[in-house]
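What follows is the residue order along each chain.
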Amino acid sequence: MTVEQNVLQQHSQKHQQTLLNQLREVTGTTDIQLLQQALQVSHGDLAEAVAFLTEKKAKVPQQDEATYYQTTQVGNDRYISVGSQADTNVIDLTGDDKDDLQRAIALSLEESSRAFRETGITDEEQAISRVLEASIAENKASLKRTHTEVWSDSPNPHDRKRMENCPVGLKNVGNTCWFSAVIQSLFNLLEFQRLVLHYSPPARVQDLPRNQKEHRNLPFMQELRNLFSLMVGSKRKYVDPSCAVEILKDAFKSSESQQQDVSEFTHKLLDWLEDAFQMKAEEDREGEKPKNPMVELFYGRFLAVGVLEGKKFENTEMFGQYPLQVNGFKDLHECLEAAMIEGEIESLHSSAENSAKSGQEHWFTELPPVLTFELSRFEFNQALGRPEKIHSKLEFPSMLYMDRYMDRNREITRIKREEIRRLKEHLTLLQQRLERYLSYGSGPKRFPLADVLQYAMEFTSSKPVCTSPVGDIDTSAPPGGTTGQLLPASSTAEQGPSSTPPEGLALALRVPIHRPFTQSRLPPDLPMHPAPRHITEEELRVLEGCLHRWRSEVENDTRDLQGSISRIHRTTELMYSDKSMMQVPYRLHAVLVHEGQANAGHYWAYIYDPHQWCWMKYNDISVTKSSWEELVRDSFGGYRNASAYCLMYINDKKPFLIEEEFNKETGQMLSGLDKLPPDLKAYVKEDNGLFDKEMEEWNTLQARKAQQEKLALAVATAQDPEYMEQPSPTDYSRHLQEDTERAISKAAAEQQEERSPEGLLTAAIKVEYTRLLRFAQEDTAPGSDYRLQHVIVYFIQNQAPKKILERTLLMQFADRNLGFNERCKSIMKVARAKLDLIKPEEINMEEYEMWHQDYRNFRETTIFLMIGLELFQKKSFVEALMYLIYSYQYNRELLVKGLYRGHDDELIGLYRRECLLKLNENAAGMFESGEEPEVSNGLSIMNELVVPCIPLLLVHDIEKDLLSVEDMRNRWCSYLGQEMEPNLQEKLTDFLPKLLDCSTEIKSFHDPPKLPTYSTLELVERYSRVMASLSRVPADRR
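Note that the structure is predicted; figures quoted are calculated from it, not measured.

Trainee: Mind showing me how you'd approach the overall build of the chain here?
Mentor: Each helix and strand counted, the chain has 31 helices and 17 strands in total. Taking all 1038 residues of the chain together, 48% fall into the buried category. Looking at the chain alone, contacts between residues at least 24 apart form 72% of all its contacts between residues at least 6 apart. Roughly 52600 Å² of accessible area belongs to the chain as shown, and the carbon and sulfur atoms make up 52% of that amount.

This is the structure:
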């Protein structure tokens, strides 16, 4: 037997034992013979062995077992993460020949083998964790799910119209934020965009696809082209990706309510694209080895240099998305260093052939133009039996230099790594020494040594005021002049010597009553610190000199240690900063962010726009400008539940990746429809035509409505506003009539001689206006809102035009029900005559109606608020919510026009927020009960009331609203770590994505409640009572 055969045999035996251990831990089977039988039947495929033991059936895998440091082949597709040989096809773990559970197990096992190299966790531990995690996820996916709520488009197409040159969003068609995040990241790679847009299927499959892959991939490619073309040239603010999504969902074999993992989806997407381009490449280059643009764009190679029990080996492997462990690392370089080195690497540089040590290094030989890192932020909690998300902070740079990981720099990097290792050892020693200075002492409490010496100096320099710490205290009278409550003398005498109370009781009885503000004051001559009582001047001089000298020495030592530590940190940071190690720059292109927990959450993407020099946030249909600071807050982790899940870097020396296309003849940059091939240009023009037609129909409808409203306005102007009308003297309109009659009487009393009705009208209007002006200028409590008492007060406070005020007052005095005495009737007739004499050009009736409509809106808002607050105080939160929601929305519309147009938005916002929190709390309590009717009612409250209102709290970025949303989400996310029945877990998994959706797009909403009619007096009194009760019992009960 040769040396190579001996090594391979030992390697195979070790690998077989590892598989047995994994299989025993995963399945719980302890029968060695049965385990060996399962491995024998499955030919060493652990996924098949698990299926054999758990489902009592076996399937023969397609490939033989590979060596320990090579990846097992489980299919014939080309896309992998890390681990296959260079001359083999890339693994497809989601092929059609495996069921869901087996694919999940296979994926988990592949991840586990890589994770060991990156983290040092054993294969057995990783296998247990990942297989169980994947199994639980797949079991949840296989449960029956309900239809998920989708976006509801605004009926006004102008709200959905794309602003010029703004990027196009993607509509969420049911938990498809994962699709939007990945597609937007790839679409903004302009080279990738061009490849997709200009793709044409092979001529031989135009009529009939030959196999299942062609039957699936080619329609998907066409739908992706259609989607990309709309994202380029559509007039819509966002487009619907349903056609492409449906094809993908069919391939995932999951219900439409299930959210997909970003990395899993990206694997599938690039897998299909590679197959599609491979067919085209093979047709274009018959007889030659075809070049696949997807492979050239997204795939690279690395060299695995290893030592197994003293025997060295090298092999080249291909990779696509490179997986990195997050847990235990502070930045991306630390993750990469851990991923590139496995085992005891000292043996790699040792010349000892008989060493038993093993290790492996990865060195990139070829990096792809688009370098993608998968950040593994999920781990399996063995105690809870479920996956959990890792929220720890991980920093990553906007510019990443990959030189240190390149094979051509292997020797330089090894030298630098050794230097860094030596510096870190020295750093650890220095930090330990510094810690002894900063945490001095042998007890549980420790202090900086310099402070200890300072305290000692303060003690020595203090002067005593007496010879005893209690010598100057009068024990017969406690401080503050109070008398201690001692035992009565008569009682003591009667008990005699033998009746003396125990010492502890006597002390307790002598404790004076505590009287704050008197006993707490120290006498002015009492020293603040203890002081030495017996010390000579010589002793004091020597001791102070020693303490000063020691403290200076300690401070100098501390500074030296801190300086050395800082220099080591600086040296380490600059280790790779020389130009020779900054020749492979990769710029951050996109960051895919996940917010939520392991089982559910929401995805969005930050993508850099090199033409505008800014970051853009792509959140489903919402595309907004962002900043590096916002990206850091949401992506690094450690802040709330959001963190980066995938990083996409591009080679900064290959500008073609993001360069725009130019017309070869004119040299002009292509934009919009000019970027599209003829078939897609026609497709986009047709869709834009449909959208133009929709806007035209909307405009026609609105013009018709406006005409009808104008006719209604003409009729309405001939009538008094409802709050000015006086239908009968029996309701509160009598109050307004009395005010008018009082103004007339006062004006008449002030006149010394009889005036004409016209002069009396002018004087009465002046009296009434003066009264209302005084109300408008008064500072009143919230419950005494004079704006509700008279429209003129509202107009004055909001600076309405003089003509509006005059006509409104004339309308008041022109009331037909105004009194029955001749004076009032004559004034009413004069007022009506003046109204008839006002010419159209003297007053803008549209403006007049607008002001009165604003006042009607103000009264309606007040009624919404009043009823909402009344219901809130009665704890009828379900009924109160809609009133508070609409009062807040209508009030904000009023406040846009002026500060005094509406009510205090902070007050309404407080009760709106509190109502939602109460409903969330009640719904969570119902869910916790576990009883089916209660659970359904709780989730119904959340889905129908709370979740639709969350965008209303997010849209204005008010801190208190944002914190409330976070509280509500955290309450429900906390259930992910708890044991519950499968049906509850299913309902929770369906519900959480809706709750965690970060979009601020308003979905379909309830119609506003119908309001009852109130007279002005009723409204004023009821509103005053409600506001007065708020001052007694605030929303937070404090």
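Trainee: Sorry if this is basic, but what is going on with the confidence of the model for the chain here?
Mentor: Note that predicted coordinates carrying low pLDDT should not be read in detail. Per-chain confidence: the chain averages 75 in pLDDT, with 70% of residues scoring 70 or above. When mean pLDDT is compared element by element in the chain, strand β12 (residues 399-401) scores highest at 94, while strand β1 (residues 82-85) scores lowest at 34. Per-residue pLDDT stays below 50 along residues 1-11; that stretch engages in eleven contacts with residues further than four places along the chain or on separate chains. Across residues 477-527 the pLDDT falls below 50, and counting only partners more than four positions away or on other chains, this stretch makes 21 contacts in the model.

Trainee: Quick question: what am I supposed to make of the pattern of salt bridges here?
Mentor: Note that side chains of opposite charge can pair when their charged atoms are close. In this structure the tally under the stated criterion is 36 salt bridges. The partner of Glu 314 in a salt bridge is Arg 410, and the shortest N-O contact between them spans 3.8 Å. Placement of the pair is Glu 314 in strand β5 (residues 311-319) and Arg 410 in helix α13 (residues 410-438), with a sequence separation of 96 residues. For the salt bridge of Asp 578 with Lys 416, the shortest nitrogen-to-oxygen distance reads 3.6 Å. With a gap of 162 residues between them, Asp 578 in the loop between α17 (537-573) and β13 (585-596) and Lys 416 in helix α13 connect regions that are remote in the sequence. Looking at Asp 578, the relative accessible area reads 31%, which means it is partly exposed. Overlapping salt bridges, with partners in common, bring together Lys 617, Glu 630, Arg 633 and Asp 634 in one network.

Trainee: Even after reading the chapter, I still don't get the environment of Glu 334, so can you show me in this structure?
Mentor: On the secondary structure map, Glu 334 appears in helix α12 (residues 332-340). Sequence separation between Glu 334 and Leu 324 is ten residues, and the spatial gap between their C-alpha atoms is 9.8 Å. For Glu 334, the contacting residues outside a window of four places in its chain are Gly 328 and Phe 329. At 3.1 Å, the side chain of Glu 334 and the backbone nitrogen of Lys 330 are in polar contact.

Trainee: Where do I start with the nonpolar core in this structure?
Mentor: Soluble globular proteins tend to bury their nonpolar side chains together. Grouped together as the largest cluster of nonpolar side chains are 99 residues, with contacts concentrated most on Phe 795, Phe 813, Leu 881, Phe 927 and Trp 972. If we ignore the near neighbours within four places in the chain, the residues touching Trp 972 are Asn 920, Ala 923, Ala 924, Phe 927, Leu 939, Met 942, Leu 988, Phe 991, Leu 992 and Leu 995. Residues Cys 177, Trp 178, Phe 192 and Ala 276 belong to the second largest nonpolar core, which totals 63 residues.

Trainee: So what exactly am I meant to see when it comes to the state of the cysteines here?
Mentor: The term disulfide refers to a covalent linkage connecting the sulfur atoms of a pair of cysteines. With the rule as written, the count across this model stands at zero disulfides. Looking at the unpaired Cys 949, the closest cysteine sulfur is the one in Cys 915, lying at 8.7 Å.

Trainee: Can you walk me through unusual backbone geometry in this structure?
Mentor: Look at Gln 799: it is not a glycine, yet its phi comes out positive at around 60°. Mapped onto the fold, Gln 799 is located in the loop between α22 (791-797) and α23 (802-813). Residue classification places Gln 799 among the exposed positions, given a relative accessible area of 70%. A positive phi angle, near 65°, is found at Lys 875, a position not held by glycine.

Trainee: What is the right way to look at the packing of aromatic side chains in this model?
Mentor: Here a ring pair, both rings aromatic, is described through the centre-centre distance and the interplanar angle of the planes. Counting across every chain of the model gives 33 aromatic pairs. The interplanar angle of 35° and the centroid separation of 5.0 Å between the aromatic rings of Tyr 794 and Phe 858 together place this pair among those described as tilted. Of this pair, Tyr 794 sits in helix α22 while Phe 858 sits in helix α25 (residues 845-873); the two residues are 64 residues apart in sequence, bridging distant segments of the chain. Between the NZ or CZ atom of Arg 404 and the centre of the ring of Tyr 576, over which it lies, the distance is 3.9 Å. When the ring centre of Trp 851 is taken as reference, the NZ or CZ atom of Arg 901 above it lies at 4.2 Å.

Trainee: Could you clarify how one ought to interpret helix α21 (residues 757-777) in this entry?
Mentor: One turn of an α-helix holds 3.6 residues; hence residues three or four places apart share an orientation. For α21, spanning 21 residues, the distance from its first C-alpha to its last is 30 Å, which sits close to the expected 30 Å at 1.5 Å a residue. Taken together, the buried positions of α21 are occupied by Gly 759, Leu 760, Leu 761, Ala 763, Ala 764, Ile 765, Val 767, Glu 768, Arg 771, Leu 772, Phe 775 and Ala 776.

Trainee: Explain the pairing of strand β16 (residues 622-625) to me, please; I cannot follow it from the model alone.
Mentor: Bridge count between strand β15 (residues 614-619) and β16: four bridges; the pairing is antiparallel. Opposite Asn 619, over in β16, you have Ser 622 as the bridge partner. Taking the residues between adjacent antiparallel strands as the criterion, β15 and β16 are bridged by two residues, where Asp 620 takes a positive phi near 55°.

Trainee: Could you clarify how one ought to interpret the side chain of Asp 634 in this entry?
Mentor: Looking at where Asp 634 falls in the secondary structure, it is placed in helix α18 (residues 628-635). Here Arg 633 takes part through its side chain, which lies 3.2 Å from a polar atom of the side chain of Asp 634. Apart from the residues lying within four places of it in its own chain, the contact partners of Asp 634 are Val 593, Trp 604, Tyr 606, Lys 617, Ala 642, Ser 643 and Ala 644.

Trainee: Could you clarify how one ought to interpret helix α27 (residues 905-929) in this entry?
Mentor: The first and last C-alpha atoms of α27 sit 36 Å apart over 25 residues, in line with the 36 Å expected at 1.5 Å per residue. A positive backbone phi angle near 80° is found at Gly 930, which sits one or two residues after α27.

Trainee: Where do I start with the side chain of Asp 687 in this structure?
Mentor: Mapped onto the elements, Asp 687 comes out in helix α19 (residues 678-717). Those residues in contact with Asp 687 that sit more than four places away from it in its chain are Leu 230, Ser 234 and Arg 236.

Trainee: Would you explain the pairing of β5 in this entry?
Mentor: For a regular strand, side chains alternate in direction, first toward one face of the sheet and then toward the other. Pairing of strand β4 (residues 300-308) with β5 involves nine bridges; the strand directions are antiparallel. By the bridge assignment, Leu 308 is partnered in β5 with Lys 311. In sequence, β4 turns back onto β5 through a hairpin of two residues, with Glu 309 there showing a positive phi of about 50°.

Trainee: What is the right way to read the packing of helix α26 (residues 877-895) against helix α28 (residues 932-954) from this model?
Mentor: When two helices pack together, their arrangement is given by the angle between their axes and by how far apart the axes lie. For the pair α26 and α28, interaxial distance at closest approach is 12 Å and the crossing angle is 20°. If you check the angle between α26 and α28, you find them roughly parallel. Pair α26 / α28 crosses with left-handed handedness. Across the interface between the two elements, Val 878, Leu 881, Met 882, Ile 885 and Gln 889 from α26 touch Leu 945, Cys 949 and Leu 952 from α28. The residue makeup of the contact of α26 with α28, split by class, is seven nonpolar, one polar and no charged.

Trainee: Help me understand the environment of Thr 176, please; the structure alone is not making it clear to me.
Mentor: Take Thr 176: it is sitting in the loop between β2 (169-170) and α6 (177-187). Taking the relative accessible area as the measure of exposure, Thr 176 reaches 0% and is therefore buried. Spatially, the C-alpha atoms of Thr 176 and Pro 241 are 9.3 Å apart, while their sequence positions differ by 65 residues.

Trainee: Sorry if this is basic, but what is going on with the packing of α27 against helix α29 (residues 959-973) here?
Mentor: Two elements in contact, α27 and α29, have axes whose closest approach is 10 Å; the angle formed by their N-to-C orientations is 0°. With respect to α29, the element α27 is oriented roughly parallel. Of the residues in α29, those in contact with Arg 912, Arg 913, Leu 916, Leu 917, Asn 920, Glu 921, Ala 923, Ala 924, Gly 925, Phe 927 and Glu 928 of α27 are Lys 960, Asp 961, Ser 964, Met 968, Arg 971 and Trp 972. For the contact of α27 with α29, the class distribution of residues is seven nonpolar, three polar and seven charged.

Trainee: Please explain the environment of Gln 597 as it appears in this structure.
Mentor: Tracing the sequence through the fold places Gln 597 in the loop between β13 and β14 (601-609). Along the sequence, Gln 597 and Pro 387 sit 210 residues apart, while their C-alpha atoms lie 8.9 Å from each other. Other than its neighbours up to four places away in sequence, Gln 597 contacts Phe 378, Lys 389, His 391, Asn 641, Cys 973 and Leu 976.

Quick notes on the rules
Residues numbered from 1 in each chain as written. Predicted model: local features only at pLDDT ≥ 70, side-chain atom pairs only at ≥ 80, totals over all residues. Heavy atoms only, no water. Helix = DSSP H or I, 4+ residues; strand = E, 2+ residues; numbered from the N terminus. Buried < 20%, exposed > 50% of the residue type's maximum accessible area, 1.4 Å probe, protein only. Contact = heavy atoms within 4.5 Å. Areas by Shrake-Rupley, 256 points an atom, 1.4 Å probe, with all protein chains shown as cover. pLDDT = per-residue confidence, 0-100. Salt bridge = Lys/Arg side-chain N within 4 Å of Asp/Glu carboxyl O. Polar contact = N/O pair within 3.5 Å; in protein donor to acceptor, adjacent residues only side chain to side chain. Core = buried A, V, L, I, M, F, W, Y, C linked by side-chain atoms within 4.5 Å. Disulfide = S-S within 2.5 Å. Phe/Tyr/Trp six-rings, centres within 6.5 Å; stacked < 30°, edge-to-face > 60°. Lys NZ or Arg CZ within 6 Å of the ring centre and 35° of its normal. Expected span 1.5 Å × (residues − 1). Pairing = 2+ DSSP bridges. Axes fitted to C-alpha atoms, helices over the stretch in contact; angles between N-to-C directions. Parallel < 35°, antiparallel > 145°, perpendicular 65-115°, else oblique. Left-handed = near helix turned anticlockwise from the far one by under 90°. Nonpolar A, V, L, I, M, F, W, Y, C, P; charged D, E, K, R; others polar.

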